[in-house]
Amino acid sequence: MRYLLVPSVVMQNVDGAAFLADCPTRLAVEILSDKWAVLVIFGLSHQPRRHGELVDLIGGISRKVLTQTLRRLQQYGLVERRAETPRRVEYSLTDLGRTLVEPIEVLTRWARDHGGAIVDFQEAAEAATAARVRAAG
């Protein structure tokens, strides 16, 4: 029996089951691989927020992309849209959505602890590529 280690999770992999198209693991990876989804979930982790508040909070996201992301998260059952009045709509995490806050915090800590090493590696790889191009040409 083999195990695939993922932060805070051990997935049992029997005959590649974790890689099947209908595996819940793939759905989780699909959700968490969307950078905007992760940022929206984290942005809603402490309190409900209005659309404009999320735009201001999440640097670089357009209103259109935020709307698409919120709708997708609603379809997953992770975010709830509450319209108090037509001009006052708030978004909040559902109970299910709140279960993703801890794994996102783990990934955030990992990024903070190891992001510098990744940047260093990328810069070294770019420098090596540039040196090979200069040497070849």
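Keep in mind it's a predicted model, so treat the numbers as computed, not measured.

(A) Inspection of the pairing of strand E5 (residues 88–93) at higher detail. Most of E5 is tucked away, with five of its six residues classed as buried. Where strand E3 (residues 49–50) meets E5, two bridges bridge the pair, whose relative direction is antiparallel. Among the inter-strand pairings, Arg49 is bridged to a residue of E5, identified as Tyr91. Judged from the six bridges that link them, strand E4 (residues 79–85) and E5 form a sheet pairing that is antiparallel. Bridging from a neighbouring strand, Val79 pairs with Leu93 of E5.

(B) Broad picture of the sheet that holds E5. One open sheet accounts for three strands, arranged E3-E5-E4; its pairing is antiparallel. Taken across any chain shown, the strands that pair with only one partner, and hence form the sheet edges, are E3 and E4. Here helix H4 (residues 63–75) sits on the sheet in contact with E4 and E5, set at roughly 115 degrees to E4.

(C) Representation of the nonpolar core within the structure. Counting 22 residues, the largest nonpolar core has Val40, Ile41, Leu44, Leu66, Leu70, Leu73 and Val79 as its most contacted members. Sorting the residues of this core by element identifies helix H2 (35–43), helix H3 (51–57), H4, E5 and helix H6 (101–136) as the ones contributing at least two each. By residue number, the principal contributor to this core is H2, which donates five residues. With residues near it in sequence (within four places) discarded, Val40 still touches Ile58, Leu66, Thr69, Leu70 and Leu73.

What counts and what doesn't
Residues numbered from 1 in each chain as written. Predicted model: local features only at pLDDT ≥ 70, side-chain atom pairs only at ≥ 80, totals over all residues. Heavy atoms only, no water. Buried < 20%, exposed > 50% of the residue type's maximum accessible area, 1.4 Å probe, protein only. Helix = DSSP H or I, 4+ residues; strand = E, 2+ residues; numbered from the N terminus. Pairing = 2+ DSSP bridges. Contact = heavy atoms within 4.5 Å. Axes fitted to C-alpha atoms, helices over the stretch in contact; angles between N-to-C directions. Core = buried A, V, L, I, M, F, W, Y, C linked by side-chain atoms within 4.5 Å.

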